[in-house]
Protein chains: 2
Amino acid sequence: MTSTRRRGQALEAAILDAGWNQLIKGGYTSFTFEAIAERAETGKSVIYRRWPDKEKLLLAVIKRQGFGAPSDIPDMGSLREDLLALLRTANQRSERAAILLSTILSAYFSGEISLTPERLRTALLGDQSRALTEILRHAVDRGELPTGDIPPRIVRLPTDLLRQEIIMNLNRVPDETIVDIVDTIFLPLVTDTRLQSTDREETQLNLSGSFHSRTASKE
Amino acid sequence: MTSTRRRGQALEAAILDAGWNQLIKGGYTSFTFEAIAERAETGKSVIYRRWPDKEKLLLAVIKRQGFGAPSDIPDMGSLREDLLALLRTANQRSERAAILLSTILSAYFSGEISLTPERLRTALLGDQSRALTEILRHAVDRGELPTGDIPPRIVRLPTDLLRQEIIMNLNRVPDETIVDIVDTIFLPLVTDTRLQSTDREETQLNLSGSFHSRTASKE
DNA sequence: CCAATAAGGTACGTATACGTCTCTAATATT
DNA sequence: AATATTAGAGACGTATACGTACCTTATTGG
């Protein structure tokens, strides 16, 4: 008849996509086996056969969206253009970030899922810090920036600020915001003449990806 | 007997506090009439008598926490100390901010509640921007900063960054982070000699609180 | 002191989701 | 062609929450 039954990989993909679309449409509250099964046009049992509980399913759905995927590093010829390109790409993907944040926060606070702030950060931040590091290294190679240490907090400043804006907007931000972040904040900071002229030793660009450790207390 | 029945104001306050504690304990998922009634040691009907549905109750609970309360502006004698004091106070209150964000995001995405990103921003940001403006004005008065425009994005940079850190930590941040934000990012930016020496007109400090307008598209 | 009011329980019907199970029919495999 | 899988659909019992209704009892105000 009309029906062509999916199996294996194809079916699995359809379910995970349905799960993601469910998050988009109704957030974590609507992330139920029933709703996902209906959206994927299959039965609950088909899902349960693969992922025994909600946490496993959620992690699979998130994983499939490929947040760990390293965004390709732009190389436009200038630091400013590289920065704008990177932030614009991230901005394009912002809906996913907003959904993901909401989902993880809901799951975290509802206690249904064992999810640490560590994993939240990893999921949301990915390795954008690495991309920034690369871009800055290119700028040093071009001679736009002097060789020397750049504090980690400055390195991740552009993505931190963009993420902040996206969360507050619950959506993409206007392009002017991106330009503003780059021109008003980041470039003046990183090209600060005082930083360049200080009596630093001539070290290699040292951009350790070390993040801040988090406070233990939760009270 | 042992039982002293609460009435009127006292009862109302107890219910709203129970609601807030419920958000702290289990997030928006656990924000149910039943759970709140039990926590407040009263009956569901008592709550329903006052707030006919969940949205009304939630708004009352949030309102009672007084997020709009203007934090008093520190005046410690130097720009740096003022900034640190302001951020430390905000950091102390971070648990409330994290809970509030999670709640609003959950409610927003679950569609149960009519809540715009505008209101999210208002609820979370309050008028911290005003406090920053005051602090900078004091610094100008002291002669620490030159008279002149400071771009709005720079003005709210400290609070934006702190908020970002709090959200990513889902908790308070270590004090070093606050010091880092002030010393590595904000002070270098705001005391940038190039900004001071440029051919700006001698204008009054103009810190319009104008926020970015948000993108309309939601697709 | 007595009547009006409202608190504190609880029971109800409805709805939704969990997780398990069973059944059938479509697809693979041999 | 016969057999083994497994998708798709749904029924189940349990649990939880909504929102309403009812009843008893403490408190208050006249």
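Being a predicted model, the structure only gives us computed values, none of them experimental.

Colleague: Hey, could you run me through the overall build of chain A in this one?
Modeller: Looking only at helices and strands, one finds twelve helices and zero strands in chain A. Of the regular secondary structure in chain A, the N- to C-terminal order runs α-α-α-α-α-α-α-α-α-α-α-α. Looking at the 219 residues of chain A, the share that counts as buried comes to 50%. A sequence separation of at least 24 residues applies to 73% of the contacts in chain A between residues at least 6 apart. Put simply, chain A shows about 10,500 Å² of open surface, and 50% of that area lies on carbon and sulfur atoms.

Colleague: Sorry, what's going on with the packing of aromatic side chains here?
Modeller: The geometry of an aromatic ring pair comes down to the distance between the two centres and the angle between the two planes. All names here are of chain A. This model, assessed by the stated rule, comprises four aromatic pairs over all chains. Consider the rings of Tyr-28 and Phe-31, whose centres lie 6.2 Å apart with planes at 20°: the pair is stacked. An identical accessibility class is assigned to Tyr-28 and Phe-31; each is buried. Looking at Lys-54, its charged tip hangs above the ring of Tyr-28, at a distance of 5.2 Å from the centre.

Colleague: Looking at this model, I keep getting lost on the protein's contact with DNA strand D. Mind explaining?
Modeller: Around DNA strand D, 22 residues are found, and the nearest of them are Arg5(A), Thr42(A), Ser45(A), Arg5(B) and Lys44(B). Here the atoms of DNA strand D within 4 Å of the protein split so that 57% fall in sugar or phosphate, with bases taking the remainder. Looking at the surface near DNA strand D, the elements that each hand over two or more residues are helix H3 (44–50) of chain A together with helix H2 (33–39) and helix H3 (44–50) of chain B. The dominant element in the surface near DNA strand D, judged by the number of residues it contributes, is H3(A), at four residues. For the surface near DNA strand D, the class distribution of residues is four nonpolar, seven polar and eleven charged.

Colleague: What exactly am I supposed to notice about the protein's contact with DNA strand C here?
Modeller: Around DNA strand C sit 20 residues in total, of which Arg5(A), Lys44(A), Thr42(B), Ser45(B) and Arg50(B) are the nearest. Atoms of DNA strand C within 4 Å of the protein belong to the sugar or the phosphate in 55% of instances, the rest to bases. In this structure, Arg5(A) approaches DNA strand C through a main-chain N or O atom, which is 2.8 Å from a phosphate oxygen. In this structure, a phosphate oxygen belonging to DNA strand C sits 3.0 Å away from a main-chain N or O atom of Phe33(A).

Colleague: Please clarify how the nonpolar core should be interpreted in this entry.
Modeller: If you look at soluble globular proteins, the nonpolar side chains tend to sit buried side by side. The biggest cluster of nonpolar side chains holds 58 residues, and the ones touching the most others in it are Leu79(A) and Leu79(B). Contacts of Leu79(B), omitting those with residues within four sequence positions, involve Ile135(B), Leu136(B), Ala139(B), Arg142(B), Glu144(B), Leu145(B), Leu187(B) and Val190(B).

Colleague: Can you walk me through helix H4 (residues 54–64) of chain A in this structure?
Modeller: For an α-helix, 3.6 residues make a turn, and residues three or four places apart therefore share a direction. If you check which residues of H4(A) are buried, you get Leu57(A), Leu58(A), Ala60(A), Val61(A) and Ile62(A). For H4(A), the capping residue at the N-terminal end is Asp53(A), with a side-chain oxygen 3.3 Å from the backbone nitrogen of Glu55(A).

Colleague: Where do I start with the pattern of salt bridges in this structure?
Modeller: Opposite charge on two side chains makes pairing possible when the charged atoms of those side chains draw close. Throughout the structure, instances matching the rule amount to 32 salt bridges over all chains. Of the charged contacts, one joins Arg163(A) and Asp160(A) as a salt bridge, the two residues approaching to 3.2 Å between their closest N and O atoms. Of this pair, Arg163(A) and Asp160(A) both sit in helix H10 (residues 157–169), separated by three residues, roughly a single helical turn. Using a relative accessible area of 8% as the deciding quantity, one classes Arg163(A) as buried. Relative accessible area serves as the criterion here: at 4%, Asp160(A) is assigned to the buried category. Salt bridges here are not isolated pairs; linked through shared partners, they connect Arg153(A), Arg156(A), Asp160(A), Arg163(A), Glu165(B) and Asp180(B).

Colleague: Just checking my understanding: could you explain the UniProt feature "DNA-binding region" (unreviewed entry) in chain A for this structure?
Modeller: Following the UniProt record, one finds the feature "DNA-binding region" (unreviewed entry) at residues 32–51 of chain A. Across residues 32–51 of chain A one finds 70% helix and 0% strand; the C-alpha atoms that close the span lie 13 Å apart.

Colleague: Any chance you could explain unusual backbone geometry here in plain terms?
Modeller: Most peptide bonds are trans, and most residues other than glycine sit at a negative phi. Backbone geometry at Glu41(A) places phi at a positive 55°, although glycine is not the residue there. Tracing the chain through its elements places Glu41(A) in the loop between helix H2 (33–39) and H3.

Colleague: It is not clear to me how the packing of helix H5 (residues 79–92) of chain A against helix H11 (residues 175–190) of chain A should be interpreted in this structure. Could you clarify?
Modeller: Residues and elements named next belong to chain A. The contact between H5 and H11 brings their axes to 10 Å, and the two run at 140°. Comparing the axis directions of H5 and H11 gives the class oblique. Helix-helix and strand crossings are classified by hand; for H5 and H11 the assignment is right-handed. Contact with H5, carried on its side by Leu-79, Arg-80, Leu-83, Leu-84, Leu-87, Arg-88 and Asn-91, involves Asp-175, Ile-178, Val-179, Ile-181, Val-182, Asp-183, Phe-186, Leu-187 and Val-190 of H11 and no other residues of that element. Its residues assigned to classes, the contact of H5 with H11 comprises eleven nonpolar, one polar and four charged.

Colleague: Help me out: how do you make sense of the packing of H11(A) against helix H11 (residues 175–190) of chain B in this one?
Modeller: For any two helices packed against each other, one specifies the inter-axial angle together with the distance between the axes. Following both chains from N to C, one finds H11(A) and H11(B) inclined at 95°, their axes separated by 10 Å at the closest point. Considering the angle they form, H11(A) stands roughly perpendicular to H11(B). Residues Thr184(A), Ile185(A), Pro188(A) and Leu189(A) of H11(A) form the contact with H11(B), whose own contacting residues are Thr184(B), Ile185(B), Pro188(B) and Leu189(B). Along the lines of polarity and charge, the residues of the contact of H11(A) with H11(B) split into six nonpolar, two polar and no charged.

Colleague: How should I be thinking about the side chain of Glu165(B) in this particular structure?
Modeller: Within the element layout of this structure, Glu165(B) appears in helix H10 (residues 157–169). Accessibility expressed as a relative area gives 3% for Glu165(B), which makes it buried.

Colleague: Sorry if this is basic, but what is going on with the environment of Leu136(A) here?
Modeller: All names here are of chain A. Structurally, Leu-136 can be placed in helix H8 (residues 128–142). With a relative accessible area of 0%, Leu-136 lands in the buried category. Distance in space between the C-alpha atoms of Leu-136 and Ile-150 is 9.2 Å, their sequence separation being 14 residues.

Colleague: Help me understand the environment of Gly26(B) in this model?
Modeller: Tracing the backbone shows Gly26(B) in helix H1 (residues 8–26). Note on Gly26(B): relative accessible area 11%, which makes it buried.

Calculation notes
Residues numbered from 1 in each chain as written. Chains lettered and ligands numbered in written order. Predicted model: local features only at pLDDT ≥ 70, side-chain atom pairs only at ≥ 80, totals over all residues. Heavy atoms only, no water. Helix = DSSP H or I, 4+ residues; strand = E, 2+ residues; numbered from the N terminus. Buried < 20%, exposed > 50% of the residue type's maximum accessible area, 1.4 Å probe, protein only. Contact = heavy atoms within 4.5 Å. Areas by Shrake-Rupley, 256 points an atom, 1.4 Å probe, with all protein chains shown as cover. Phe/Tyr/Trp six-rings, centres within 6.5 Å; stacked < 30°, edge-to-face > 60°. Lys NZ or Arg CZ within 6 Å of the ring centre and 35° of its normal. Near = heavy atom within 4 Å. Nonpolar A, V, L, I, M, F, W, Y, C, P; charged D, E, K, R; others polar. Polar contact = N/O pair within 3.5 Å; in protein donor to acceptor, adjacent residues only side chain to side chain. Core = buried A, V, L, I, M, F, W, Y, C linked by side-chain atoms within 4.5 Å. Salt bridge = Lys/Arg side-chain N within 4 Å of Asp/Glu carboxyl O. UniProt positions renumbered as here; feature names shortened; annotations may be inferred. Axes fitted to C-alpha atoms, helices over the stretch in contact; angles between N-to-C directions. Parallel < 35°, antiparallel > 145°, perpendicular 65-115°, else oblique. Left-handed = near helix turned anticlockwise from the far one by under 90°.

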